Amino acid sequence: MKASQTNFHPIIEGVKQYVIPLFQRHYTWEKAQWETLWNDLMELYEAEQPRNHFIGSLVTMPTTSVPEGVTKYLLIDGQQRLTTIFILLALLRDKAKEAQENKFAEEIHQTFIVNHFKEGLDYYKLQPTQKDQQVFHDIVQGNRPISDHCQIHHAYEYFEKQLRRSSINIRIFTKIITS
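Residues numbered from 1 in each chain as written. Predicted model: local features only at pLDDT ≥ 70, side-chain atom pairs only at ≥ 80, totals over all residues. Heavy atoms only, no water.

Draft legend 1. Region of interest: the pairing of strand S3 (residues 71-77). Pairing geometry for strand S1 (residues 16-19) and S3, over four bridges, is parallel. Along S3, the bridge assignment pairs lysine 16 with threonine 71. Bridge count for strand S2 (residues 59-62) against S3 is four bridges, and the pairing is antiparallel. Counted as the bridge partner of proline 62 is tyrosine 73 from S3. (Pairing = 2+ DSSP bridges. Helix = DSSP H or I, 4+ residues; strand = E, 2+ residues; numbered from the N terminus.)

Draft legend 2. Representation of the packing of aromatic side chains in the model. Evaluated as defined, the whole model comprises eight aromatic pairs. Ring geometry for tyrosine 18 versus tyrosine 73: centroids 5.5 Å apart, planes at 25 degrees, classification stacked. Taken as a pair, tyrosine 18 in strand S1 and tyrosine 73 in strand S3 lie far apart in primary sequence, 55 residues in all. Take tyrosine 73: its relative accessible area is 22%, and that puts it in the partly exposed class. (Phe/Tyr/Trp six-rings, centres within 6.5 Å; stacked < 30°, edge-to-face > 60°. Buried < 20%, exposed > 50% of the residue type's maximum accessible area, 1.4 Å probe, protein only.)

Draft legend 3. Seen up close, the pattern of salt bridges. Per the counting criterion, the structure on display carries six salt bridges. Residue lysine 95 pairs with glutamate 98 through a salt bridge whose shortest N-O separation is 3.3 Å. Placement of both lysine 95 and glutamate 98 in helix H3 (residues 79-98) is noted, with a separation of three residues, approximately one turn of the helix. According to the relative accessible area criterion, lysine 95 is buried, its value standing at 14%. What makes glutamate 98 exposed here is its relative accessible area of 55%. Across the pair glutamate 101 and arginine 171 runs a salt bridge whose closest N-O atoms are separated by 3.0 Å. Remark: arginine 171 occurs in helix H7 (residues 170-178) and glutamate 101 occurs in the loop between H3 and helix H4 (102-113); sequence separation between them is 70 residues. (Salt bridge = Lys/Arg side-chain N within 4 Å of Asp/Glu carboxyl O.)

Draft legend 4. Looking closely at the environment of glycine 142. On the secondary structure map, glycine 142 appears in the loop between helix H5 (130-140) and helix H6 (151-165). Sequence-wise, glycine 142 and leucine 91 are 51 residues apart; in three dimensions their C-alpha atoms are separated by 8.6 Å. If near-sequence neighbours (up to four positions away) are discounted, glycine 142 is found in contact with Arg93 and Asp94. (Contact = heavy atoms within 4.5 Å.)

Taken by themselves, the reported measurements are silent on function.
See the structure below:
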């Protein structure tokens, strides 16, 4: 195994998919973890000279894929963090739409959240466990989740509340997250 430091942008940009294996637990982060991430992001946002921030390790393993399909990686470690960041990016996309910044909303969506020209499950850059899939897909598609028994739904609501309480420039905040 080879470990290396990398920026987050290349991890989520491009046509690829991170698949959370069946043996991994479903999404379990709660307010304490969301708060820590939020506070870290706000510290970067408010800094005059934003620095790099270590969000934790991601351990992936390439899987075999069909030649015309999406490059797929099993997400062995880091699934809670990566899922949370995808939820946050979907929320920022939704807030950009609300602000009538449709072009920027599409940029977030097509660059970071989905594989725009792919269909079926290949459309999603992250494929959560079966238990979380429907709610995650709803959020990615811009629909309000129906189930409030899912932590993914609660994460979306938590970050939405945080955004309402602050006067964040969505473009700058998105750049902070993706860089």
